[in-house]
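# Fold and geometry: a report
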Amino acid sequence: MLNGMRDHQAGRAELRGDCERCFGLCCVALPFSASADFAVDKAAGTPCRNLREDHRCGIHARLRQKGFTGCTVYDCFGAGQQVSQITFGGQDWRTGPPERARRMFEVFPVVRQLHELLWYLTEALALPAARPVHAELREALEKTEELTAGTPEELAGLDVAAHRQEVNVLLLRTSELARAGTKGRRKDRRGADLMGARLKGADLRGASLRGAYLIAADLTGADLRGADLIGADLRDADLTDADLTGAFFLTQPQLNAARGSAGTRLPGSVTRPGHWTAQA
Ligand code: SF4
């Protein structure tokens, strides 16, 4: 399904969750603590109380009102359908032996991490400035795809952190190449604590915001063109009228967790969250 020489857009389409082909894995496999994002505590491997027998969410249309905002921003990068339909061949965890269900819940977060890497690698390959490392990126993409296609046992035993580390080295080089095209001083705010920061109208063109904590930051009207946003925490950050054209390594879950407007300019890799339009 995710074969080597992928078409970039087709590849990206496969790297988005398709709940129709999934057995509600994110609603069972993952643990949640009661917080502003999730109204109740839930242990890993325990079905959410709102999950119906048909694997649909019983409160889908009212998630935000009911205190489950985190569910509206989450995306599995297509790991749900991969694990449900490929790794476990379409066998529902509800009907099989408990050991198989346990294995499925164990494997799901591993495949989600691999699919997230596939998302970044696919995006990196679409960046013309990253051409000097395209061969290595393609190799990493193929290796990640191979790992994703592993058996449940292989996936459960995978050192996914080590693989992430290997890929990250390449993504860093990609970032440097991509941001080198931005004129002027490119800010390095990697891992910076910018929670609640007043960055209204800030010039962040070509900045590295890798892993930056931008929770509730005011980024209204900020210029983020060509910025590296990998792993940046954008929860409740205000991107109203900000310009993110050409920003890269931005994922849909990151964007979904932020606020924005019809005037926010986005890179082509992500779509405008529905709740922004409702606010606009
Ligand atoms: S509230 Fe709905 S979407 Fe969220 S975990 Fe429960 S069943 Fe899934």
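Note that this is a predicted model, so its numbers are computed, not measured.

From N to C terminus, the protein includes 10 helices and 0 strands. Taken over the C-alpha trace, the protein has a radius of gyration of 19 Å; the compact-globule value for 280 residues is 19 Å, and the two agree within 12%. In terms of its C-alpha atoms, the protein occupies a principal-axis envelope of roughly 60 × 45 × 30 Å. By the burial criterion, 49% of the 280 residues in the protein qualify as buried. At a minimum sequence separation of 6, the contacts of the protein that also span at least 24 residues come to 45%. Put simply, the protein shows about 13300 Å² of open surface, and 50% of that area lies on carbon and sulfur atoms. Measuring between centres, the 37 positive side-chain charges of the protein sit 6 Å from its 35 negative side-chain charges.

In this section: the pattern of salt bridges. Per the counting criterion, the structure on display carries 19 salt bridges. One salt bridge connects Arg-173 with Glu-136, and the closest N-O pair in it is separated by 3.0 Å. In this pair, Arg-173 is assigned in helix H8 (residues 160-179) and Glu-136 in helix H6 (residues 134-148), connecting sequence segments 37 residues apart. On the basis of relative accessibility, which here comes to 34%, the residue Glu-136 falls in the partly exposed class. Between Asp-228 and Arg-210 there is a salt bridge, with the nearest N and O atoms lying 2.9 Å from each other. Highlighted residues: Asp-228 in the loop between H8 and helix H9 (252-256) and Arg-210 in the loop between H8 and H9, separated in sequence by 18 residues. Both residues of the pair, Asp-228 and Arg-210, belong to the buried class. Counted as one network, the salt bridges with shared partners bring together Asp-203, Arg-205, Asp-223, Arg-225, Asp-243 and Arg-265.

Our focus in this paragraph is the site of the ligand. All residues adjacent to the ligand are Cys-27, Phe-38, Cys-48, Asn-50, Leu-51, Cys-57, Leu-63, Phe-68 and Cys-71. Taken together, the residues that form the shell around the ligand break down as 8 nonpolar, 1 polar and no charged.

Time to look at the packing of helix H5 (residues 98-125) against H8. Taken N-terminus to C-terminus, the directions of H5 and H8 make an angle of 15°; their axes are 11 Å apart at the nearest point. Classified by the interaxial angle, the pair formed by H5 and H8 is roughly parallel. With respect to the hand of their crossing, H5 and H8 are arranged in left-handed fashion. Contacts from Val-110, Gln-113, Leu-114, Glu-116, Leu-117, Tyr-120, Leu-121 and Ala-124 in H5 reach Val-160, His-163, Arg-164, Val-167, Leu-171 and Thr-174 in H8. Its residues assigned to classes, the contact of H5 with H8 shows 9 nonpolar, 3 polar and 2 charged.

Take H6 next. Residue pairs three or four apart in sequence face the same way in an α-helix, which turns once every 3.6 residues. In this model H6 runs 21 Å from its N-terminal to its C-terminal C-alpha over 15 residues, within 8% of the 21 Å that 1.5 Å per residue would give. His-134, Leu-137, Ala-140, Leu-141, Thr-144, Glu-145 and Thr-148 are the residues of H6 that are buried. Along the long axis of H6, the arc covered by the buried residues comes to 140°, so they all point the same way. Those residues of H6 that are exposed and aimed more than 90 degrees away from the buried face are Ala-135, Glu-139 and Glu-146. Where the residues of H6 are buried, they touch helix H4 (79-87), H5, helix H7 (152-156) and H8.

We now examine H8. Its 20 residues give H8 an end-to-end C-alpha distance of 28 Å, which sits within 8% of 28 Å, the value for a rise of 1.5 Å per residue. If you check which residues of H8 are buried, you get Val-160, His-163, Val-167, Leu-170, Leu-171, Thr-174, Ser-175, Ala-178 and Arg-179. Next to the buried residues of H8 lie H5 and H6.

The subject of this paragraph is the packing of aromatic side chains. Under the counting rule described, the total for this entry stands at 6 aromatic pairs. Seen in terms of ring centroids, Phe-248 and Phe-249 are 5.1 Å apart; in terms of plane orientation they differ by 80°. Their pairing is edge-to-face. Members of the aromatic cluster, each reached through a chain of ring pairs, are Phe-32, Phe-38 and Phe-68.

It is worth spelling out the environment of Thr-277 at this point. Position of Thr-277 relative to the elements: it lies in helix H10 (residues 274-279). Thr-277 sits in the partly exposed class, given a relative accessible area of 48%.

Let us look at the nonpolar core. One finds Leu-194, Leu-209, Leu-214, Leu-219, Leu-224, Leu-239 and Leu-244 to be the most contacted residues of the largest nonpolar core, which totals 29 residues. Contacts of Leu-214, omitting those with residues within four sequence positions, involve Leu-194, Leu-199, Leu-209, Leu-219, Ala-232, Asp-233, Leu-234, Arg-235 and Ala-237.

Right, let's get into the domain arrangement of the protein. Segmenting the protein into domains produces domain 1 (8-178) and domain 2 (184-280). Placing the centre of domain 1 and that of domain 2 at their C-alpha centroids yields a distance of 23 Å. Contacts between domain 1 and domain 2 engage 20 residues on the former and 18 residues on the latter. Taken together, the two surfaces of domain 1 and domain 2 that pack against each other cover about 1500 Å², and 58% of this comes from carbon and sulfur. A per-residue breakdown of the area domain 1 buries against domain 2 is headed by Val-73, Tyr-120 and Glu-123, which together make up 29% of the total.

Calculation notes
- Residues numbered from 1 in each chain as written.
- Predicted model: local features only at pLDDT ≥ 70, side-chain atom pairs only at ≥ 80, totals over all residues.
- Heavy atoms only, no water.
- Helix = DSSP H or I, 4+ residues; strand = E, 2+ residues; numbered from the N terminus.
- Rg over C-alpha atoms; globule rule 2.2 N^0.38 Å.
- Buried < 20%, exposed > 50% of the residue type's maximum accessible area, 1.4 Å probe, protein only.
- Contact = heavy atoms within 4.5 Å.
- Areas by Shrake-Rupley, 256 points an atom, 1.4 Å probe, with all protein chains shown as cover.
- Lys, Arg positive; Asp, Glu negative; His and termini not counted.
- Charge placed at Lys NZ, Arg CZ, Asp CG, Glu CD.
- Salt bridge = Lys/Arg side-chain N within 4 Å of Asp/Glu carboxyl O.
- Near = heavy atom within 4 Å.
- Nonpolar A, V, L, I, M, F, W, Y, C, P; charged D, E, K, R; others polar.
- Axes fitted to C-alpha atoms, helices over the stretch in contact; angles between N-to-C directions.
- Parallel < 35°, antiparallel > 145°, perpendicular 65-115°, else oblique.
- Left-handed = near helix turned anticlockwise from the far one by under 90°.
- Expected span 1.5 Å × (residues − 1).
- Arc of directions from axis to C-beta.
- Phe/Tyr/Trp six-rings, centres within 6.5 Å; stacked < 30°, edge-to-face > 60°.
- Core = buried A, V, L, I, M, F, W, Y, C linked by side-chain atoms within 4.5 Å.
- Domains from an automatic or database assignment.
- Buried area = accessible area lost by both parts, 1.4 Å probe.

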